[in-house]
Amino acid sequence: MSRSMLPVDTLCKDAAGVAGNIFAFGLFVSPVPTFRRIARNRSTENFSGLPYIYALLNCLVTLWYGTPFVSYDNTMVTSVNSIGAAFQLVYIILFITYADKRKKVRMLGMLMVDIVLFSVIVVGSLEINNFSLRRVVVGFLSCAALISMFASPLFIINLVIRTRSVEFMPFYLSLSTLLMSASFLAYGIFNNDPFVYVPNGAGTILGIMQLGLYSYYKRTSTEESTEPLILSFA
């Protein structure tokens, strides 16, 4: 029984993958309020388009890893990253539409860099005739891309600790990150794929940290907001 799985394992893997796709949707739609504001004001203001450029490349690389050309039975990885790439591309197009000339040129240039890098990865990996080696090479690239994406909230975590405020760490975004990561952690385990469960394991840990900090500092800020009303009379 080499790569085949028990029916129960297959069912659990598919259920975890479907759940991961559903929870990922919460992440993909999280920038919608930002783009409503951009469209309403017809300006990108001080918003940066870089996160969407990085997210697009991450989705494309991980999508490629999930295809049958690179790995075994990773349909859910392909589907979630296909949807993610579509969302990021729409956000980038909207950003370019409302950006000033300087930002337009910069964003178009970075979009071209994404396309070139992804093309190099696809063509280069297909030149590797050994399927196992191809999977390892693309797997490491996908793993690195996912870990860097999950590590980006470390800046927000540091900001929350310094400011003792959860203003810049939305609860539902943190919850969606945790649920999606935990789902794909389970998916990777059931599929025996370290290039899926390792980065999503890191994402799960970071998601738990974010929710723990949210709970602690939300409670602290609530207590601090009420205490001065009592202490001021002393």
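Everything that follows concerns the structure shown earlier in this document.
Residues numbered from 1 in each chain as written. Predicted model: local features only at pLDDT ≥ 70, side-chain atom pairs only at ≥ 80, totals over all residues. Heavy atoms only, no water.

A.B. asks: Could you clarify how one ought to interpret the nonpolar core in this entry?
C.D. replies: For soluble globular proteins, nonpolar side chains are generally found buried alongside one another. Ranked by size, the top nonpolar core spans 46 residues in total, and within it W64, I92, F184 and Y187 carry the most contacts. Ranked by the residues each element gives to this core, the list is headed by helix α4 (residues 75–98), at 9 residues. Once you skip the residues sitting within four places of it in the chain, I92 turns out to touch Y52, I53, L56, M107 and L111. (Core = buried A, V, L, I, M, F, W, Y, C linked by side-chain atoms within 4.5 Å. Buried < 20%, exposed > 50% of the residue type's maximum accessible area, 1.4 Å probe, protein only. Helix = DSSP H or I, 4+ residues; strand = E, 2+ residues; numbered from the N terminus. Contact = heavy atoms within 4.5 Å.)

A.B. asks: For this particular structure, what's the right way to read the side chain of N81?
C.D. replies: Inspection of the secondary structure assignment puts N81 in helix α4. Sequence-distant contacts of N81, that is, excluding residues within four places in its chain, are made with N58, C59, T62 and L63.

A.B. asks: What am I meant to see in a nonpolar patch on the surface here?
C.D. replies: Judged by side-chain polarity, L133, V136, V137, F140 and L141 come together as a nonpolar surface patch covering roughly 420 Å² of accessible area. Structurally, L141 can be placed in helix α6 (residues 131–151). (Patch = residues over 30% accessible without salt bridge, like charges linked within 9 Å, V, L, I, M, F, W, Y side chains within 5 Å. Areas by Shrake-Rupley, 256 points an atom, 1.4 Å probe, with all protein chains shown as cover. Salt bridge = Lys/Arg side-chain N within 4 Å of Asp/Glu carboxyl O.)

A.B. asks: Sorry, what's going on with helix α1 (residues 7–28) here?
C.D. replies: Helical periodicity: at 3.6 residues per turn, an α-helix aligns residues three or four positions apart in one direction. In a regular helix each residue adds 1.5 Å, so 22 residues correspond to 32 Å; α1 covers 31 Å between its end C-alpha atoms and thus fits that length. Those residues of α1 not exposed but buried are K13, A16, G17, G20, N21, A24, L27 and F28. Here the buried residues of α1 occupy an arc of 145 degrees about the axis, which is enough to place them on one side. When the buried face of α1 is taken as reference, the exposed residues oriented beyond 90 degrees from it are P7, V8, L11 and I22. Those residues of α1 that are buried are in contact with α4 and α8 (171–190). (Expected span 1.5 Å × (residues − 1). Arc of directions from axis to C-beta.)

A.B. asks: Explanation requested: the packing of aromatic side chains in the structure shown.
C.D. replies: For any pair of aromatic rings, the description consists of the separation of the ring centres together with the inter-plane angle of the planes. A complete count under the given rule lists 11 aromatic pairs for this structure. Note on F28 and F87: the rings are 5.9 Å apart at their centroids and 25 degrees apart in plane angle, and the pair reads as stacked. Of the two residues, F28 is situated in helix α1 and F87 in helix α4; the sequence distance between them amounts to 59 residues. Taken together, the ring pairs connect F25, F28, F35, Y52, F87 and Y91 into an aromatic cluster. (Phe/Tyr/Trp six-rings, centres within 6.5 Å; stacked < 30°, edge-to-face > 60°.)

A.B. asks: Sorry, what's going on with the packing of helix α2 (residues 32–41) against α4 here?
C.D. replies: The relative placement of two packed helices is expressed as an angle between their axes plus a distance between the axes. Two elements in contact, α2 and α4, have axes separated by 10 Å at closest approach and are oriented at 25 degrees. Judged by the inter-axis angle, α2 sits roughly parallel to α4. In the crossing of α2 with α4, the sense of the turn from one axis to the other is left-handed. In contact with V32, F35, I38 and A39 of α2, α4 contributes Y91, L94, F95 and Y98. Split by residue class, the contact of α2 with α4 holds 8 nonpolar, no polar and no charged. (Axes fitted to C-alpha atoms, helices over the stretch in contact; angles between N-to-C directions. Parallel < 35°, antiparallel > 145°, perpendicular 65-115°, else oblique. Left-handed = near helix turned anticlockwise from the far one by under 90°. Nonpolar A, V, L, I, M, F, W, Y, C, P; charged D, E, K, R; others polar.)

A.B. asks: I would appreciate a short explanation of the environment of F171 in the present structure.
C.D. replies: Structurally, F171 can be placed in helix α8. For F171 and Y214, which are 43 residues apart along the polypeptide, the C-alpha to C-alpha distance reads 7.1 Å. In this view, F171 contacts L211 and Y214; residues no more than four positions away in its chain are not counted.

A.B. asks: Just checking my understanding: could you explain unusual backbone geometry for this structure?
C.D. replies: Glycine aside, residues mostly have negative phi, and peptide bonds are mostly found in the trans state. If you check the backbone angles, E45 has positive phi at about 50 degrees while not being a glycine. Structurally, E45 can be placed in the loop between α2 and α3 (50–66). One non-glycine residue, N192, adopts positive backbone phi at about 55 degrees. In this structure, N192 sits in the loop between α8 and α9 (194–231). Residue class for N192 comes out exposed when judged on its relative accessible area of 55%.

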